[in-house]
Amino acid sequence: MENCLFCKIIAGSIPSSKVWEDEICYAFRDIAPQAPTHVLVVPKAHIESCNGITAANSAVVAHIFEVIPQIAKAEGLEGGYRVVSNCGADAGQTVHHLHFHILGGKTLALEMA
Ligand code: AMP
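As a starting point, this report considers the structure included with it. Remember, it's a predicted structure, so these values are computed and weren't measured experimentally.

### A word on the site of the ligand
Of all residues adjacent to the ligand, which total 16 residues, the nearest are Asp30, Asn86, Thr94, His99 and His101. One of the side-chain nitrogen or oxygen atoms of Asn86 is found 2.8 Å away from an oxygen atom of the ligand. Within the complex, the protein chains bury 83% of what would otherwise be the 500 Å² of accessible surface of the ligand. Sorting the residues of the shell around the ligand by element identifies α1 (5-11) and β2 (25-29) as the ones contributing at least two each. The class makeup of the residues in the shell around the ligand is eight nonpolar, six polar and two charged.

Quick look at the structure:
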């Protein structure tokens with residue numbers, strides 16, 4: 001997608017602090033971390049949000065959820081971590097390329113909304 005920030009990060013035209021890359025997904029540090037560890041995991045294929053997950057592309061999401069524990073382990077998140085995906089305006093989604101926040105490195109607040 002031409003004007004997608006995360007597509008540009010995946011392509012390398014906007015710099016990022018990479019923590020994982022394979023043929024299906026890319027992970028990098030959030031520019032405005034909300035926790036000591038705050039990593040974003042994105043599919044390389046452009047999917048708008050959770051609403052864009054279909055039978056045709058859900059294997060990409062399954063793969064990301066196989067990668068997430070490996071990133072968490074590499075980041076030393078043995079104590080636990082949170083995975084969040086904001087979908088749409090009410091959830092505060094600001095970048096319209098599906099992404100999963102990995103948050104950890106401290107005891108996280110329990111509030112979900
Ligand atoms: P969301 O609000 O769920 O759409 O999450 C978008 C996230 O992207 C926010 O946590 C931002 O801090 C993060 N973000 C925006 N621009 C960049 C960037 N250039 N590099 C890394 N993270 C970014």
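Picking up where we left off.
### Observations regarding the side chain of Asn57
Examined against the element boundaries, Asn57 turns out to sit in the loop between β3 (37-43) and α2 (58-74). Classification of Asn57 by relative accessible area gives buried; the value is 19%. For Asn57, the contacting residues outside a window of four places in its chain are Ile47 and Gly52.

### Let's talk about the nonpolar core
Counting residues in each nonpolar core, the largest one holds 16 residues, and the members touching the most others are Val39, Val41, Ile64, Ile68, Ile71, Phe100 and Ile102. When contributions to this core are tallied by element, the ones reaching two or more residues are β2, β3, α2 and β5 (100-104). The element contributing the most residues to this core is α2, with seven residues. Apart from residues lying up to four places away in sequence, Ile102 is in contact with Thr37, His38, Val39, Val41, Ile68, Ile71, Leu77, Tyr81 and Arg82. One finds Tyr26, Phe28, Leu40 and Val42 within the second-largest nonpolar core, a separate group that totals 10 residues.

### Examining α2
A rise of 1.5 Å per residue sets the reference length of α2, with its 17 residues, at 24 Å; its end C-alpha atoms lie 25 Å apart and thus fit the reference within 8%. Where α2 ends, the next residue or the one after it, Gly76, has phi of about 75 degrees, a positive value.

### Some points on the sheet that holds strand β1 (residues 18-21)
Across the sheet, five strands lie side by side as β1-β2-β3-β5-β4; this open sheet has antiparallel pairing. Edge positions in the sheet fall to β1 and β4 (81-84), since each has one partner strand and no second. Neighbour-to-neighbour, the strand axes of this sheet turn through a mean angle of 20 degrees, independent of strand direction. Two strands pair when backbone bridges link them, and β3 and β5 are joined in this way by five bridges, in the antiparallel orientation. Bridge assignment links Thr37 to a residue of β5, and that residue is Gly104. Sheet contacts for α2: β1, β2, β3, β4 and β5; angle to β3, the most-contacted strand, approximately 155 degrees.

### Let's talk about the packing of aromatic side chains
Aromatic rings in a pair are described by how distant their centres are and how their planes are angled relative to each other. A full pass over the atoms with the stated rule returns three aromatic pairs. When the ring of Phe6 is compared with that of Phe28, the centres are 5.3 Å apart and the planes differ by 75 degrees; the resulting orientation is edge-to-face. With Phe6 in helix α1 and Phe28 in strand β2, the pair connects residues that are 22 residues apart, well separated along the chain. A residue is classified by how much of its surface remains accessible, and Phe6, at 5% relative accessible area, is buried. A connected cluster of aromatic rings, assembled from ring pairs, spans Phe6, Tyr26 and Phe28.

Reading the values: the criteria
Starting from 1, residues in each chain are numbered consecutively following that chain's sequence as written. Local features in this predicted model are restricted to residues of pLDDT 70 or higher, and side-chain atom pairs are both shown and tallied only at a pLDDT of 80 or more, whereas totals for entire chains, interfaces and linings draw on every residue. Water and hydrogen atoms play no part in the side-chain values, which are based on all heavy atoms of the structure. Here, proximity means that at least one heavy atom of the residue falls within 4 Å of the molecule or strand. Any pair of nitrogen or oxygen atoms within 3.5 Å is treated as a polar contact; in protein, a donor-acceptor pairing is required on top of that, and neighbouring residues in sequence qualify only through side-chain atoms on both sides. Per-residue accessibility takes into account occlusion by the displayed protein chains alone, with areas from the Shrake-Rupley method and a 1.4 Å probe. Put simply, DSSP marks the helices as runs of H or I at least four residues long and the strands as runs of E at least two long, and each gets a number from the N terminus on. For this classification, Asp, Glu, Lys and Arg are treated as charged, while Ala, Val, Leu, Ile, Met, Phe, Trp, Tyr, Cys and Pro are nonpolar and the rest, including Gly, are polar. To sort residues, take the accessible area from a 1.4 Å probe on protein chains only and compare it with the maximum for the residue type: under 20% means buried, over 50% means exposed, and anything in between is partly exposed. Note on contacts: a residue pair is in contact if any heavy atoms of the two residues lie within 4.5 Å. The definition of a nonpolar core used throughout is a set of buried Ala, Val, Leu, Ile, Met, Phe, Trp, Tyr and Cys residues joined through side-chain atoms within 4.5 Å. To estimate how far a helix should extend, the number of its residues minus one is multiplied by 1.5 Å. By the convention used here, strands pair only if DSSP detects at least 2 bridges between them. Only the contacting stretch of a helix is used when fitting its axis, a line to C-alpha atoms as for every element, and angles between N-to-C directions run 0 to 180 degrees. Side-chain rings of Phe, Tyr and Trp, where Trp is taken by its six-membered ring, are said to pair if the distance between their centres is within 6.5 Å; with planes under 30 degrees apart they count as stacked, over 60 as edge-to-face, and otherwise as tilted.

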